[in-house]
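Structural features, examined
Chain by chain, the residues:
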Amino acid sequence: MFLLSFIPDALIQLIVNGVLIAGIVGCVVSFFFGFFVRWMPWVIPYRMLLQIVALVLLIAGVYFKGGIGVEMEWRERLRIAEEKVRVAEEKSQQVNTVIEKVYVDRVKTVKDTQIVVQEKIVEKEKIIDAECKVPKEALDILNDAAKSPGGKK
Amino acid sequence: MKRLILLAPAILLSGCLTFGTTAPVRQKFPDVPPELLKSCPDLQLASQTDKLSDVLKIVNENYSRYHECRVAVDTWIEWYKTQKEIYNK
């Protein structure tokens, strides 16, 4: 069945239809043998052989006709599924590009704000430092709070 | 001949089973933008100083780090929701 995927669909259909039609024609001929034998008297000794071959061809034809229908249905489903996956992956990639851009813009805004605040601190440094001295204990507490409670990963 | 005829339906019915195959189509798990794979930085510790402005600078830096980290988490959430929506369609 795996090898079937290498043969073009049209060729498979053609072969299967050919076998089926040959089987039908053979069965019709062997069923009305008396009628056809008038024009082809030389086939009389092959009557049994013709019946068997026609029946085998008919069975094989119907078998492959059904099988090929299922095969084609699977191929179509596979094609649809592959197309869906392709579209989803494409969309996903587009979303990634957009999200990446949004992220970079947001981080830039944060950095810009930080710079503005930093400049304000520098600008008002004298006023801020004039009336306040930070005790060492306050710094220790601040640093303790800033340390990661679980330690560095 | 009769045996052949009796065998025919069984052979015909088995055709459908033989041809049916499962098609392995898999969607690749989407890659996240590399910027989002960085972990949040540690907060900056203040060096020994008695100037409030120096402390404020550190606090400002740390606030900024927090906001950056929040942006990253928000973007992760957005990424996850959007990708899930695409995946489930």
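Above this text is the structure in question.
Quick caveat: nothing in here was measured; it's all calculated off a predicted structure.

Considering the overall build of chain B
- Scanning chain B from N- to C-terminus turns up two helices and zero strands.
- Per-residue burial over chain B gives 26% buried out of 89 residues.
- Summed over all atoms, the accessible surface of chain B reaches about 6400 Å², with 62% contributed by carbon and sulfur.

Quick word on the packing of helix 3 (residues 47-123) of chain A against helix 2 (residues 52-88) of chain B
- At their nearest, the axes of helix 3 of chain A and helix 2 of chain B sit 10 Å apart, and the two run at 165° to each other. Between helix 3 of chain A and helix 2 of chain B, the angle falls in the class roughly antiparallel. Both helix 3 of chain A and helix 2 of chain B take part in a crossing whose hand is right-handed.
- Its residues placed into classes, the contact of helix 3 of chain A with helix 2 of chain B shows 14 nonpolar, eleven polar and eight charged.

Some points on the environment of B:R26
- With respect to the helices, strands and loops of the structure, B:R26 is situated in the loop between helix 1 (2-19) and helix 2.
- Here B:R26 falls in the exposed class, since its relative accessible area comes to 77%.

Focus on the interface of chain B and chain A
- Opposite the 58 residues of chain B that make contact, chain A presents 51 residues.
- Between chain B and chain A, roughly 5000 Å² of surface is buried when both sides are summed, and carbon and sulfur atoms account for 68% of that area.
- Linking chain B with chain A are three salt bridges, by the criterion used here.
- The closest approach of N and O atoms between A:E125 and B:K51, which form a salt bridge, is 3.5 Å.
- Across the chain B-chain A interface, the total number found is 15 residue pairs in polar contact (both at pLDDT 80 or more).
- Every element with two or more residues in the side of chain B that touches chain A is listed here: helix 1 and helix 2 of chain B.

Description of the state of the cysteines
Residue and element names in this part refer to chain B.
- Scanning the model with the defined rule gives one disulfide over all chains in all.
- Here C40 engages in a disulfide with C69; their sulfurs sit 1.7 Å apart. Measuring the twist about the S-S bond at about 75°, one finds the C40-C69 disulfide to be right-handed. Of the two residues, C40 is situated in the loop between helix 1 and helix 2 and C69 in helix 2; the sequence distance between them amounts to 29 residues.
- Residue C69 is classed as buried on the basis of its relative accessible area of 19%.

Comments concerning the pattern of salt bridges
- For the coordinates displayed, the defined rule picks out 16 salt bridges over all chains.
- Here A:K101 ties to A:D105 by a salt bridge, and the two come within 3.2 Å at their closest N and O atoms. Taken together, the residues A:K101 and A:D105, both in helix 3 and four residues apart, mark about one turn of the helix.
- In this structure A:D105 comes out as partly exposed when scored by relative accessible area, which is 37%.
- For B:E78, the salt bridge identified is with A:R106, shortest N-O distance 3.2 Å. Placement of the pair is B:E78 in helix 2 and A:R106 in helix 3, with the two residues belonging to separate chains.
- Judged by relative accessible area, A:R106 falls into the partly exposed class, the value being 29%.
- Through salt bridges with shared partners, a single network forms among A:D9, A:E71 and A:R75.

Quick word on the layout of surface pockets
- Looking at the largest pocket, its volume works out to about 290 Å³.
- What lines the largest pocket is a set of 15 residues, and nearest its centre among them are A:Y103, B:E35, B:K38, B:S39 and B:E68.
- Looking at the lining of the largest pocket, the element that brings in the most residues is helix 2 of chain B, giving six residues.
- By residue class, the composition of the lining of the largest pocket is ten nonpolar, one polar and four charged.

Rules and cut-offs
- Residues numbered from 1 in each chain as written.
- Chains lettered and ligands numbered in written order.
- Predicted model: local features only at pLDDT ≥ 70, side-chain atom pairs only at ≥ 80, totals over all residues.
- Heavy atoms only, no water.
- Helix = DSSP H or I, 4+ residues; strand = E, 2+ residues; numbered from the N terminus.
- Buried < 20%, exposed > 50% of the residue type's maximum accessible area, 1.4 Å probe, protein only.
- Areas by Shrake-Rupley, 256 points an atom, 1.4 Å probe, with all protein chains shown as cover.
- Axes fitted to C-alpha atoms, helices over the stretch in contact; angles between N-to-C directions.
- Parallel < 35°, antiparallel > 145°, perpendicular 65-115°, else oblique.
- Left-handed = near helix turned anticlockwise from the far one by under 90°.
- Nonpolar A, V, L, I, M, F, W, Y, C, P; charged D, E, K, R; others polar.
- Contact = heavy atoms within 4.5 Å.
- Buried area = accessible area lost by both parts, 1.4 Å probe.
- Salt bridge = Lys/Arg side-chain N within 4 Å of Asp/Glu carboxyl O.
- Polar contact = N/O pair within 3.5 Å; in protein donor to acceptor, adjacent residues only side chain to side chain.
- Disulfide = S-S within 2.5 Å.
- 1 Å grid on protein atoms, 1.4 Å probe; cavity = no way out; pocket = protein on both sides within 12 Å on 5 of 7 lines; lining within 4 Å.
- Points joined across faces, edges and corners; volume = space filled by probe spheres on them.

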